[in-house]
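# Reading the structure
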Amino acid sequence: EAQVTQNPRYLITVTGKKLTVTCSQNMNHEYMSWYRQDPGLGLRQIYYSMNVEVTDKGDVPEGYKVSRKEKRNFPLILESPSPNQTSLYFCASSLNDGVYEQYFGPGTRLTVT
Amino acid sequence: GQNIDQPTEMTATEGAIVQINCTYQTSGFNGLFWYQQHAGEAPTFLSYNVLDGLEEKGRFSSFLSRSKGYSYLLLKELQMKDSASYLCAVRGRALDTGRRALTFGSGTRLQVQP
């Protein structure tokens with residue numbers, strides 16, 4: 001089944017404790033992206049990747065890192081999480097950065113205390 | 001970034017027709033997407049417009065006018081399961097940075113009542 005998976009689905013952590021949210025897709029998509037979704041603000045792009053070893057900042061990259069060592073995986077790293085990073089995070093992938101729709105993972109609800 | 005405007009909430013009756021509007025400001029317009037998102041779930045793709053006009057897909061249709069920076073999503077024969085948020089997303093260049101981006105609106109929460 002074609003899908004985007006994310007882990008963990010739910011995470012409660014404390015300020016400053018490094019964490020990684022994994023994202024994997026099995027559709028051989030070139031383009032992958034991370035979003036955060038907050039009430040009233042919609043989906044905002046954090047980072048995106050056009051292909052392996054090619055990543056770039058989105059609209060709200062501060063406090064986040066990403067890597068794209070393999071085509072299928074695009075982990076999101078929070079080196080020192082802060083409470084303002086409490087949010088719902090979605091990973092998405094598409095065939096390329098063009099006219100194709102994005103497929104979203106199920107979401108990761110992160111709470112930083 | 002790019003500016004995208006949609007109503008926050010709408011209510012409609014089962015069996016009726018509802019139109020959800022989206023206006024946008026961008027440079028280098030290169031397509032507009034509509035996604036549906038049920039509460040607590042991931043967005044799923046509904047439609048894509050890049051040329052002016054109406055695209056029909058079953059009960060859902062989407063319209064685009066590039067000169068007016070305007071799109072709408074039309075839902076016919078509403079069903080209770082259509083209660084969800086509808087997200088308008090524009091592909092273009094951010095007005096401030098010129099960076100290519102896909103920007104989402106805040107979404108319109110549609111409630112379908114019996």
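A quick note: this is a predicted structure, and the numbers were derived from the prediction, not measured.

Attention now goes to the environment of Thr 108 of chain B. Residues and elements named next belong to chain B. Following the sequence through the fold, Thr 108 ends up in strand β11 (residues 108–113). When the C-alpha positions of Thr 108 and Gln 36 are compared, they lie 9.6 Å apart, and in sequence the two are 72 residues distant. Non-local contacts of Thr 108, meaning those with residues more than four positions away in its chain, are made with Gln 6, Pro 7, Thr 8, Glu 9, Met 10, Ile 20, Ala 84, Ser 85 and Tyr 86.

Attention shifts here to the sheet that holds strand β3 (residues 18–25) of chain B. Residue and element names in this part refer to chain B. Strands sit in the order β1-β3-β8-β7-β6 across an open sheet of five strands; the sheet is antiparallel. The open sheet has two edge strands, β1 (3–5) and β6 (53–57), and neither has a second partner. Within this sheet the neighbouring strands show an average axis-to-axis angle of 15 degrees, counted without direction. Where β3 and strand β8 (residues 70–75) come together, six bridges link them in antiparallel fashion. Residue pairing in the sheet places Asn 21 in a bridge with Tyr 72 of β8.

Scoring rules and cut-offs
Residues take numbers from 1 onward in each chain, read along the sequence in its written order. The order in which chains are written sets their letters, starting at A; the order in which ligands are written sets their numbers, starting at 1. Only residues with pLDDT of at least 70 are given local features in this predicted model, and only at 80 or more are side-chain atom pairs given and counted; all residues enter the totals for whole chains, interfaces and linings. Heavy atoms from the whole structure form the basis of all side-chain values; hydrogens and water molecules are not counted. Secondary structure elements follow DSSP: runs of H or I no shorter than four residues count as helices, runs of E no shorter than two count as strands, and numbering proceeds from the N terminus. Any two residues whose heavy atoms approach within 4.5 Å at even a single point are treated as in contact. What makes two strands pair is DSSP finding at least two bridges between them. The convention used is that axes are lines fitted to C-alpha atoms, helices contributing only their stretch in contact, and that angles between N-to-C directions extend from 0 to 180 degrees.

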